[in-house]
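For reference, the chains in residue letters:
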Amino acid sequence: MCTVCGCHQGTPSTKRAEPNDAEMHERSLQDDRDCHSTLPPGERRPPPSNHPGDSYNRSPRSANHQPHNAQARPSGVDPPDLRGCGKSTKRLVEIERDILDKNNGIAANNRALFVADDLLVFNLLSSPGAGKTTLLVRAVSELKRSRWVGVIEGDQQTSNDAKRIQAAGVPAVQINTGKNCHLDAAMIGEAYRCLPLLSGGILFIENVGNLICPAGFDLGETCKIVVFSITEGEDKPLKYPDVFAASSLMVINKIDLASLLEFDVDKAIEYARWVNPKIDVIVVSARTGEGFAALYAWIDRQAGRQRHAFEDKGQ
């Protein structure tokens, strides 16, 4: 995980994305942090008219991000970074636990805020190129007709994905993680303050393209959604089980390419349910729109479950 790969915390800062059109929603930023500084204390921005949003940049403190070492080692030989630095495996486990405990505390605060705002929050995970952004552009373009929708985008660099969401008329905040290989709860908490109020709506978080580290970090979401495309092979759930085990929904994308590829949908679903027997599955094409009615029906069911849970708790 990130203590092994060398992923370090950075100092967050905010910046505006370049306007896409004359309707760009300008925000005044104070001290590069408080995206609601133009409002009276204690107030948040009024419900959105689906204007584009801001960009959130995370500048790393350290460039010493070591790659994951997947090479086999002879038995009894320590990894080079542990042997050279004198760090014990026990100490690495303690560091990892400290990082996750701190993150989980912030995630709990995020979740309480999302509940107070009556918000459904989906954390989208995938490998690079699975089609998350194309899927999101189509989804938010259609969902915005019936409810408030916002997006937080996570990438190492550029605001390209946020601009695509903004061009669809939906507010978006871009997080650039730099050397970090995943989003964490603190990044989400700060980025959320830069969005307009989305009460009763949906917040989509598009995580960094990575099927390993993001699976272990709670952001305060309602649930995780894992997206993978038929170009990646049926055995993706077996190769990266943690992310499928942590997800409530698996979206198989690019089904419009099925006639060109030897991809066994039933086998992919079977493998996913070996890992997570309760995972829901929807097959879609982000390019053609096939399967999106089923996706929206699934989202409606999650909204209904959340409402019932709130009612049961007397909220």
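Described in the following lines is the structure provided in the data block. As the structure is a computational prediction, the values presented were derived from the model and not from experiment. (Residues numbered from 1 in each chain as written. Predicted model: local features only at pLDDT ≥ 70, side-chain atom pairs only at ≥ 80, totals over all residues. Heavy atoms only, no water.)

1. Describing the packing of aromatic side chains
Link 1 in the chain: Enumeration according to the criterion identifies 7 aromatic pairs in this entry.
Link 2 in the chain: An aromatic cluster is defined as three or more aromatic residues linked by ring pairs; in this entry it consists of Phe122, Phe204 and Trp298.
Link 3 in the chain: Over the face of the ring belonging to Phe292 we find Arg138, whose NZ or CZ atom lies 5.8 Å from the ring centre. (Phe/Tyr/Trp six-rings, centres within 6.5 Å; stacked < 30°, edge-to-face > 60°. Lys NZ or Arg CZ within 6 Å of the ring centre and 35° of its normal.)

2. Comments concerning the layout of surface pockets
Left-over empty space is what a probe sized like a water molecule reveals as it rolls over the atoms.
Link 1 in the chain: In this structure, the second largest pocket encloses a volume near 300 Å³.
Link 2 in the chain: Every residue lining the second largest pocket is counted, 14 residues in all, and those nearest its centre are Val115, Thr222, Gln306, Ala309 and Phe310.
Link 3 in the chain: Broken down by secondary-structure element, the contributors of at least two residues to the lining of the second largest pocket are helix H3 (89–116) and helix H10 (292–312).
Link 4 in the chain: A total of 5 residues in the lining of the second largest pocket trace back to one element, the largest contributor, which is H10.
Link 5 in the chain: The residue makeup of the lining of the second largest pocket, split by class, is 5 nonpolar, 5 polar and 4 charged. (1 Å grid on protein atoms, 1.4 Å probe; cavity = no way out; pocket = protein on both sides within 12 Å on 5 of 7 lines; lining within 4 Å. Points joined across faces, edges and corners; volume = space filled by probe spheres on them. Helix = DSSP H or I, 4+ residues; strand = E, 2+ residues; numbered from the N terminus. Nonpolar A, V, L, I, M, F, W, Y, C, P; charged D, E, K, R; others polar.)

3. Points about the environment of Pro196
Link 1 in the chain: Along the chain, the position of Pro196 falls in the loop between helix H6 (185–192) and strand E6 (202–206).
Link 2 in the chain: On the accessibility criterion, Pro196 (4% relative accessible area) is buried.
Link 3 in the chain: For the pair Pro196 and Val149, spaced 47 residues apart in sequence, the C-alpha separation works out to 9.6 Å. (Buried < 20%, exposed > 50% of the residue type's maximum accessible area, 1.4 Å probe, protein only.)

4. Digging into unusual backbone geometry
Link 1 in the chain: With phi around 55°, Asp118 is a residue other than glycine that occupies positive phi space.
Link 2 in the chain: Although it is not a glycine, Thr158 sits at a positive phi angle of roughly 75°.
Link 3 in the chain: Within the secondary structure, Thr158 sits in the loop between strand E4 (149–155) and helix H5 (160–167).
Link 4 in the chain: On the basis of relative accessible area, Thr158 is assigned to the partly exposed category, the value being 39%.

5. Structural notes on the environment of Leu136
Link 1 in the chain: Along the polypeptide, Leu136 turns up in helix H4 (residues 132–143).
Link 2 in the chain: When its relative accessible area of 0% is taken as the criterion, Leu136 is described as buried.
Link 3 in the chain: In the structure, Leu136 is positioned 32 residues away from Ala168 in sequence and 10.0 Å away in space, judged by C-alpha atoms.
Link 4 in the chain: Apart from residues lying up to four places away in sequence, Leu136 is in contact with Leu124, Val151, Glu153, Ile165, Phe204 and Glu206. (Contact = heavy atoms within 4.5 Å.)

6. Here's the deal with the environment of Gln156
Link 1 in the chain: Mapped onto the fold, Gln156 is located in the loop between E4 and H5.
Link 2 in the chain: Judged by its relative accessible area of 42%, Gln156 is partly exposed.
Link 3 in the chain: Taking C-alpha positions, Gln156 is 7.2 Å from Asn180, a pair spaced 24 residues apart along the chain.
Link 4 in the chain: Setting aside residues no more than four positions away along its own chain, Gln156 makes contact with Asn176, Thr177, Gly178, Lys179 and Asn180.

7. Quick notes on the pairing of strand E8 (residues 249–253)
Link 1 in the chain: Counting buried positions along E8 gives 5 out of 5 residues, so the element sits mostly inside the fold.
Link 2 in the chain: Side chains Leu249, Val251 and Asn253 project from E8 onto one buried face, and the interleaved Met250 and Ile252 project onto a second face that is buried too.
Link 3 in the chain: Alignment of strand E7 (residues 223–229) against E8, held across 5 bridges, turns out to be parallel. Looking across to E8, one finds that Phe228 is bridged to Ile252.
Link 4 in the chain: As paired elements, E8 and strand E9 (residues 280–283) share 4 bridges and run parallel to each other. Bridge assignment links Met250 to a residue of E9, and that residue is Val281.
Link 5 in the chain: Read from E8 through helix H9 (residues 265–275) to E9, the crossover connection turns out right-handed. (Pairing = 2+ DSSP bridges. Right-handed = clockwise from strand over helix to strand, strands pointing away.)

8. Some details on empty space enclosed by the protein
Link 1 in the chain: Within the structure shown, the criterion is met by 1 cavity of 30 Å³ or more.
Link 2 in the chain: Computed from the structure, the largest cavity encloses a volume of approximately 60 Å³.
Link 3 in the chain: Lining the largest cavity are Leu124, Leu135, Leu136, Ala139, Phe204, Ile225, Val227, Val251, Leu295 and Ile299.
Link 4 in the chain: For the lining of the largest cavity, the element with the highest residue contribution is H4, accounting for 3 residues.
Link 5 in the chain: The residue makeup of the lining of the largest cavity, split by class, is 10 nonpolar, no polar and no charged.

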